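Commentary on secondary and tertiary structure
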Amino acid sequence: MCANVFGVLKSLFGKPFDGGKRMDHGGPQQHPTEQQQQQPYHPQHPAMMRLYEVQREVASLGPQVCTFSGLQNDRDYKRLERELTRLQLEVDQVDTEGKQELQGARKRAAQEVEGLLRYLEENASHPSRQAIEQLSNQARQLVDERVVAPQRSGGAAEINDELVDALQEIILRLTQVKTEGRVPLRKARYRALTRICAVQDVVEGRTQQQTLSLPLSGDTHEAVHRINQVMVKVSVARGQLVALLMGLSGRDSCTHLSRMLTEMQVELDALDVSGNAAIRNYRKQVVEEINGLLKHLDLEVEGDDTRRYDLAQNNSIREIEAVRAHVSHLREGVVRHCDFGFRPKAELQSLLTHLDQVDTAKNPCIREARRRAVVEVQAIITFLDLREALARRQPGPHEHPSHRAVWLVLGSLSDLQAQVLGFDGKRADKSYMILEELLTKQLLTLDAVDPQGDDITKVARKQAVKFAQNILNYLDMKTDQWEY
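Read on for an overview of the structure. Values in this document were obtained by computation on a predicted structure and should not be read as measured data.

A word on the packing of helix α2 (residues 46-67) against helix α3 (residues 75-92). The axes of two packed helices give the description: the angle between them and the distance between them. Close contact between α2 and α3 brings their axes to 11 Å; oriented N to C, the two are set at 160 degrees. Here α2 lies roughly antiparallel to α3, going by the angle between them. Of the two possible hands of crossing, α2 and α3 adopt the one that is left-handed. Across from Arg 50, Val 54, Glu 57, Val 58, Leu 61, Gln 64 and Val 65 in α2, the residues of α3 making contact are Arg 79, Leu 80, Glu 83, Leu 84, Arg 86, Leu 87, Glu 90 and Val 91. The residue makeup of the contact of α2 with α3, split by class, is eight nonpolar, one polar and six charged.

By the definition in use, this model includes 26 salt bridges. Glu 83 serves as the salt-bridge partner of Arg 86, at 2.8 Å between the closest nitrogen and oxygen. Placement of both Arg 86 and Glu 83 in helix α3 is noted, with a separation of three residues, approximately one turn of the helix. Look at Glu 83 and you get partly exposed, because its relative accessible area is 26%.

What follows covers the packing of aromatic side chains. If you walk through the whole model with that rule in mind, you get two aromatic pairs. Ring geometry for Phe 68 against Tyr 77: centres 5.9 Å apart, planes inclined by 45 degrees, an arrangement best described as tilted. With respect to class, Phe 68 is no different from Tyr 77; both count as buried. Summarising the aromatic geometry, the rings of Phe 423 and Tyr 432 are spaced 6.2 Å apart at their centres and angled 50 degrees between planes, so their arrangement reads as tilted. Note on accessibility: Phe 423 and Tyr 432 belong to one class, buried.

Rules and cut-offs
Residues numbered from 1 in each chain as written. Predicted model: local features only at pLDDT ≥ 70, side-chain atom pairs only at ≥ 80, totals over all residues. Heavy atoms only, no water. Axes fitted to C-alpha atoms, helices over the stretch in contact; angles between N-to-C directions. Helix = DSSP H or I, 4+ residues; strand = E, 2+ residues; numbered from the N terminus. Parallel < 35°, antiparallel > 145°, perpendicular 65-115°, else oblique. Left-handed = near helix turned anticlockwise from the far one by under 90°. Contact = heavy atoms within 4.5 Å. Nonpolar A, V, L, I, M, F, W, Y, C, P; charged D, E, K, R; others polar. Salt bridge = Lys/Arg side-chain N within 4 Å of Asp/Glu carboxyl O. Buried < 20%, exposed > 50% of the residue type's maximum accessible area, 1.4 Å probe, protein only. Phe/Tyr/Trp six-rings, centres within 6.5 Å; stacked < 30°, edge-to-face > 60°.

Laid out in structure tokens, this is it:
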């Protein structure tokens, strides 16, 4: 996975140094003397043995550098930087005795260590990594102000739809952070997303709990009082879990919280509900809420699972990509034969149904990938619908002039959408800027249309404006270089 990272690290994993027999590609080729050809440098030479030791240490540190997803002030970053700097100094101190073979081997070792140091620093200070941290801090501050701080001061958490929506906005912005395919950036984004999504899940669960007509009165049954006491503990544990997930807990740990929740389950299991169905259901709901909190306590392990943060290996993503490939084929046919009866609308509708059935596992990146695939399908369908409407249009002699003007714009938008569907470039391309300008002009033309009190024209103009905006949004989506 990191083979493309270290340009000169071909001997990083298990391939020994060649004792200087192979020259660097970037350096001049020097012909060894006849004596050197007859007496190749012995691999047991002390200098070469030390370089072998460095290579083994580099091979051990390499995978750690490849998957490190933190920042420069993290403890693991400082440890890796310290170890690599030490190796760099040791390589510099190897005495080559002026021998060409040893000089070449030392140079390659230095390049390997330098490559790891550079990769470590680039990812920890990458703009995308900073963006991930900034969004994480926004979520952390939001949760602290609304949930954690009020509970610590003995008050009630401010849990409402506004909080849920604010967290959803941060999640959406995180999914749009570019990772350039770098494993550390993918991992950092995934870890941030899993935590904020978990907090959102806990918060939404709390909102639902507040709407229940529970807890029951303690007079109903003696077991109810015990369940109510557990409910109070669950409420406290919920706040502790949110603090843990967002890095706002200085004392609590996942292990401690897990033990607390497990003890609550044991306490509930020991209760005698005497066959009372209402109390049994009440206890069941509390147990389910405890299980819901427990499932979020394994996020540390989950964040290290390559199959989770490397979504290229995800089955749902593969399914979405297969649909997108089919959509691309249909889109090419539509653009090529749009005036010759090529109308695969039924097939496109079936693809929408297929996408609706893709399991996103509540992963926001998978949800976004599916949403974008749906937009691609819908763009073709709306294009075909407009083409059919234009072909069927038979304006009467008494048609309102403003209504006719709107249809003229729709005809132009249809031609522009055909170009947008076939566009395969970047935002810096001249063709992109021309398309954007032409679409903007059509919006200005629609703004200048005066309905003159005609209700049909008002509706038509409103639909045309929405259609033009959708084309612009689709063009932006095609060129924003989003990645899962």
